[in-house]
Amino acid sequence: MAILTDRKSLREYDVIIVGSGAGGGMMGMLLALNGVKVLMIEAGRNYDPQKETPMFNTPDKAPLRGKGTQDRFFGHYDATVGGGWQVPGEPYGDKPGTEEEFWWWRPRMLGGRTNHWGRISLRFGEYDFKPKSRDGLGFDWPISYTDLAPYYDKAELMVGIYGSTEGLENTPDSPPGILQPAPKPRAAELLIKKYSKGLNIPVVPIHRAVLSEPMDGPARAAKLFPNNPSAQRIVGNDMSMRAACFWATTCGRGCSIRANFQSTTVLIPPALQTGNLDIITDAMVREVMMDANGKATGVHYVDKITRTDAIAKARIVILSASTCETARILLNSKSALFPNGLANGSGQVGKNLTDSVGSSMGGHVPELESLPPYNEDGAGGGHVYTPWWNYKTQEKLGFARGYHIEMGGGRYMPGMGSLAILDQKAPGVYGKKLKEEAKRYYGAVVGFAGRGEMIPNENCYCEIDPNRVDQWGIPTLRFHWKWSDHEINQATHMQNTFAEIINSMGGKATPKPGKEALNKPGEIIHEAGTAMMGSDAKSSVVNSFGQTWDVKNLFLMDASILPSNPDKNLTLTVLALAWRSADYLLDEMKQGNI
Ligand SMILES: Cc1cc2nc3c(=O)[nH]c(=O)nc-3n(C[C@H](O)[C@H](O)[C@H](O)COP(=O)(O)OP(=O)(O)OC[C@H]3O[C@@H](n4cnc5c(N)ncnc54)[C@H](O)[C@@H]3O)c2cc1C
Ligand code: SF4
């Protein structure tokens, strides 16, 4: 079994998984390791980071010196294939009357967004699972932190995370023996930490899905799969083949030595080694097929290579196509039994859509000018961050919940825009003077990005556009959005905080009002909540295992099922939920309940 190119060999499977990103990859690996015959169906093309990652290419070798363009938004070498904010031939739109335009990020590649994500991996805390009980807003989860904690442990052991334990409020520590050592802060990060301390703002090591040391594969695999010798052998060997980070390249391009986490380098390889996983790529699922008794029987998809319709059958279907695409498949799966879309008895599919609240600011810091050359290589991402620090004064702030701050600065590999500061500080210089000014100012800028919790509201949702189909004939989505004062006030607080830090460092920063400084809805690419979990079928779409209330053999496993979207980036939680759900599903299958 392998990546299928001959679609005619398709047989009937135990489980079909739609999507191969964080949720789909984790489910696929765990089921395959336990002897379940799985077919993974992926809309994008096959993608192999070990062969395709341009790790060492310098910007001068790329068109426009590697600068981001409309179809390569995060730069020429970024690991995004086949899409981005737009996918050719697959439009989406805004519902008339919306206040804001929603941005929807979609790569079309095996492994999905895990190939180019930022790898920031923070556990949700105790408060994050019960937000409504604390402040009356949004929804509580049907589970608590203690239910998910053992699965965070497993996901972190599997993926490999660097970070530290700090004992902070609502910022859970991992048990000993799980995290790998955090890299040392760079000069700019140390300086931010020094000045932030004066403002009582903590700066601590961030957690990222990057190996800072080699993995002891057999020992980790024995902890993860104590009763499964074959899983121990396959995963243990595979983990040991992953190299540790050498601190010199850009994680967003992917990692050919497998030091950072991508579904394609960490989850799919061991799954394929079991012989229990088949993958079809270039296959766009349009709907879930049902029988007359209301059971899912498989999926209907478009084979993008031949542009023909096809079907695949299985006892169980799992949708992991990402938050909005999973809602789209459900809403497009209409039948006499399910006239409003599948698993939509509650009417909640597509509703409660959230994204992180985002706002950012950069600033020049004179103290960082003309530093002597020194080696500040590091992971292709930040080494430190600020967890939310205002729990005690929350009520006075004018917005609910909190945000964390991602920060950075330093002398990364120069590219287009690296010396944009010269336009302000030394406009028009050339020759020897240009070199002097470049040496003076390069690395003398720091940047801050806030990532905050949005409260779900009834004005933020997606639905099927009655007037439009994509190039495959599949009805498309349209979005409706309105920020509430919580998000606008939170972004204002972010701006004031960033300016305070930059000004305390000797820079000159002016905060913008929140509405002006807010990122677009969807722009932070942390969408969640279109098919949320809950305690009953009337008000939610799935139970806490991602099993739909209305169709017993249909599961959802991506961020669509999150009832809230805390400031802590959500992918680690999707991975942990997938592990919990896989355990439940295996048990139900063993007992013959599904
Ligand atoms: C630039 C960037 C930075 C990010 N940084 C972070 C970060 O630091 N920390 C963090 O936690 N999160 C981050 N994220 C978000 C993170 O990538 C996502 O939360 C995560 O990948 C979601 O996993 P998923 O399984 O839901 O979806 P995906 O990883 O997107 O996978 C879904 C897959 O389903 C496929 N698919 C979609 N529709 C269909 C269909 N109809 N038929 C078949 N297949 C289909 C897609 O092609 C895709 O491969 C970032 C994202 C981006 C883009
Ligand atoms: S910085 Fe490390 S993890 Fe990131 S791409 Fe380079 S080697 Fe891989």
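Residues numbered from 1 in each chain as written. Chains lettered and ligands numbered in written order. Predicted model: local features only at pLDDT ≥ 70, side-chain atom pairs only at ≥ 80, totals over all residues. Heavy atoms only, no water.

Student: Describe the UniProt feature "domain: Glucose-methanol-choline oxidoreductase N-terminal" (unreviewed entry) in the chain, and please don't skip the residues or the numbers.
Tutor: Feature annotation in UniProt places "domain: Glucose-methanol-choline oxidoreductase N-terminal" (unreviewed entry) on residues 250-355, given in this structure's numbering. With 20% helix and 30% strand, residues 250-355 has its two end C-alpha atoms placed 25 Å apart. (UniProt positions renumbered as here; feature names shortened; annotations may be inferred. Helix = DSSP H or I, 4+ residues; strand = E, 2+ residues; numbered from the N terminus.)

Student: With reference to specific residues and values, describe the site of ligand 1.
Tutor: Neighbouring residues of ligand 1: 36 residues in total, closest E42, R113, G118, E325 and T571. Within the backbone of R119, one N or O atom sits 3.2 Å away from an oxygen atom of ligand 1. Protein contacts shield 95% of the accessible area of ligand 1, which totals 990 Å² for the unbound molecule. Listing elements by their share of the shell around ligand 1, those giving two or more residues are helix 1 (22-33), strand 7 (283-290) and helix 10 (323-332). It is strand 7 that provides the largest number of residues to the shell around ligand 1, a total of 3 residues. In terms of residue class, the shell around ligand 1 is built from 17 nonpolar, 13 polar and 6 charged. (Near = heavy atom within 4 Å. Polar contact = N/O pair within 3.5 Å; in protein donor to acceptor, adjacent residues only side chain to side chain. Areas by Shrake-Rupley, 256 points an atom, 1.4 Å probe, with all protein chains shown as cover. Nonpolar A, V, L, I, M, F, W, Y, C, P; charged D, E, K, R; others polar.)

Student: Tell me what's going on with the nonpolar core, and back it up with residues and numbers.
Tutor: Ranked by size, the top nonpolar core spans 150 residues in total, and within it M26, L31, M158 and I318 carry the most contacts. Looking at this core, the element that brings in the most residues is helix 15 (residues 571-590), giving 12 residues. Leave out the neighbours within four places in its chain, and M26 touches G21, A155, M158, L267, L575, A578 and W579. One finds M55, Y162, A379 and Y385 within the second-largest nonpolar core, a separate group that totals 13 residues. (Core = buried A, V, L, I, M, F, W, Y, C linked by side-chain atoms within 4.5 Å. Buried < 20%, exposed > 50% of the residue type's maximum accessible area, 1.4 Å probe, protein only. Contact = heavy atoms within 4.5 Å.)

Student: Let's hear about the pairing of strand 8 (residues 296-303): which residues, and what values?
Tutor: Counting buried positions along strand 8 gives 6 out of 8 residues, so the element sits mostly inside the fold. Direction of pairing for strand 7 relative to strand 8: antiparallel, over a ladder of 7 bridges. Of the residues in strand 8, the one forming a bridge with A283 is D303. Between the antiparallel neighbours strand 7 and strand 8 lie 5 residues, among them G294 with a positive phi of about 85°. Judged from the 6 bridges that link them, strand 8 and strand 9 (residues 308-319) form a sheet pairing that is antiparallel. By the bridge assignment for strand 9, V299 is matched with A312. The antiparallel hairpin formed by strand 8 and strand 9 contains 4 residues in its connecting segment, where R307 sits at a positive phi of about 55°. (Pairing = 2+ DSSP bridges.)

Student: Would you mind going over the packing of aromatic side chains in detail, with residue names and values included?
Tutor: Within this structure, the stated rule accounts for 28 aromatic pairs. Ring geometry for W85 against W103: centres 5.1 Å apart, planes inclined by 65°, an arrangement best described as edge-to-face. Of this pair, W85 sits in the loop between helix 2 (49-52) and strand 4 (93-94) while W103 sits in the loop between strand 4 and helix 3 (126-129); the two residues are 18 residues apart in sequence, bridging distant segments of the chain. Here W85 falls in the buried class, since its relative accessible area comes to 7%. Aromatic side chains W481 and W483 sit 5.4 Å apart centroid to centroid with 75° between the ring planes, which places their arrangement in the edge-to-face category. Taking the relative accessible area as the measure of exposure, W481 reaches 0% and is therefore buried. Judged by its relative accessible area of 7%, W483 is buried. Among the aromatic residues, ring-to-ring pairing joins Y92, F102, W104, F479, W481 and W483 into one connected group. The ring centre of W104 lies 4.4 Å from the NZ or CZ of R106, which sits over that ring. When the ring centre of Y127 is taken as reference, the NZ or CZ atom of R134 above it lies at 3.6 Å. (Phe/Tyr/Trp six-rings, centres within 6.5 Å; stacked < 30°, edge-to-face > 60°. Lys NZ or Arg CZ within 6 Å of the ring centre and 35° of its normal.)

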